[in-house]
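Spelled out, the chains give:
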Amino acid sequence: KIPKGAKFIVKDVLTGKTFECKRWSGYNHMDSEPLTAEDTKTMKSIYGGSWSWDRRAILVMYNGHVYAASMNGMPHGTTTISGNDFDGHFCIHFYGSKTHETNKVDTAHQNAVARAMRATW
């Protein structure tokens, strides 16, 4: 659906805050990075100012389409964008997405996706 290298917008369901991201990789789910330092600041504010592995219900808008999803808020692994104040990437899961490590569906992510399915942009 969303190709590697594509830019898209994330909307946090609970706060209504939005920020722009770029997909860099991922096959079981989408490995993504905030596009700018301002986007990183917004993402961190969604998590109360501290990075967290907690899953959050989000909506992803790409090419005029909105998808229910879940994100974690912890920078980890590979970085491809310099100057965005985000050391690594974060993960976005959709309905039925799996983790890279265990190749299993993550219940916490799927619960957040279910909450996102009830939300509107």
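Residues numbered from 1 in each chain as written. Predicted model: local features only at pLDDT ≥ 70, side-chain atom pairs only at ≥ 80, totals over all residues. Heavy atoms only, no water.

**What about the packing of aromatic side chains?**
Operational definition: Stacked, tilted and edge-to-face pairs are distinguished by plane angle, under 30 degrees for stacked and over 60 for edge-to-face with tilted covering the rest, among Phe, Tyr and Trp rings (Trp via its six-membered ring) whose centres lie within 6.5 Å. Secondary structure is summarised from DSSP: a helix means a run of H or I of at least four residues, a strand means a run of E of at least two, and numbering begins at the N terminus for each. The cut-offs for exposure are 20% and 50% of the maximum accessible area for each residue type, with area from a 1.4 Å probe on protein chains only; residues under the lower value are buried, those over the upper are exposed, and the others partly exposed. A ring is scored as having a charge over it whenever the NZ atom of a lysine or the CZ atom of an arginine sits within 6 Å of its centre and within 35 degrees of its normal.
Within the structure shown, the criterion is met by four aromatic pairs. Seen from their ring centres, W51 and F86 are 5.1 Å apart, and the 90° between their planes marks the pair as edge-to-face. On the criterion of sequence distance, the pair formed by W51 in the loop between α1 (37–46) and β4 (52–62) and F86 in the loop between β5 (65–73) and β6 (90–93) is long-range, its members being 35 residues apart. Residue classification places W51 among the partly exposed residues on the basis of a relative accessible area of 24%. Seen from their ring centres, Y67 and F94 are 6.3 Å apart, and the 80° between their planes marks the pair as edge-to-face. Within this pair, whereas Y67 is found in strand β5, its partner F94 is found in the loop between β6 and α2 (107–117), the two being separated by 27 residues in sequence. F94 carries the same exposure label as Y67, and that label is buried. In textbook terms, an aromatic cluster arises when at least three aromatic residues are bridged by ring pairs, as seen for F19, W51, F86 and F90. Looking at K11, its charged tip hangs above the ring of W121, at a distance of 5.6 Å from the centre. Across the ring face of Y47, the terminal group of R56 is positioned such that the distance to the ring centre comes to 5.6 Å.

**Some details on the sheet that holds β5**
The strands making up a sheet are joined through hydrogen bonds of the backbone, oriented either antiparallel or parallel. For the record, the criterion: Any two strands between which DSSP finds at least two bridges are classified as paired. Simply put, an axis is a line fit to the C-alpha atoms, just over the touching stretch for a helix, and the angle between two N-to-C directions goes from 0 to 180 degrees. Throughout, a contact is declared for two residues whenever any of their heavy atoms are within 4.5 Å.
Judged by pairing direction, the barrel is antiparallel, and its six strands sit side by side in the order β1-β2-β3-β6-β5-β4 before closing back on the first. Going from strand to strand, the sheet's axes swing by 45° on average, the running direction of each strand aside. Its contacts with the sheet place α1 against β1 (7–12), β2 (18–25), β3 (30–34), β4, β5 and β6, and it is angled at close to 105° to β2. The strands that α2 touches are β4, β5 and β6; relative to β5, the one it contacts most, it runs at about 145°.

**Describing the pairing of β5**
Within a regular strand, the side chains alternate between the two sheet faces. In this structure, β4 lies alongside β5, joined through nine bridges in antiparallel fashion. In the sheet register, Y62 faces β5, and the bridge partner there is H65. Linking β4 to β5, which pair antiparallel, is a turn of two residues; within it N63 sits at a positive phi near 55°. Bridge count for β5 against β6 is two bridges, and the pairing is antiparallel. The residue of β6 that forms the bridge with M71 is I92.

**Re the pairing of β2**
Bridge count for β1 against β2 is five bridges, and the pairing is antiparallel. Each bridged residue has a counterpart across the sheet, and for K7 the counterpart in β2 is K22. Between β1 and β2, which pair antiparallel and follow one another directly, the connecting turn spans five residues, one of which, G16, has a positive phi of 80°. In the sheet, β2 pairs with β3 via four bridges, with the strands oriented antiparallel. Bridging across to β3, K22 finds its partner in E33. Hairpin connection between β2 and β3: a loop of four residues separates the two successive antiparallel strands, and G26 in this loop has a positive phi of roughly 105°.

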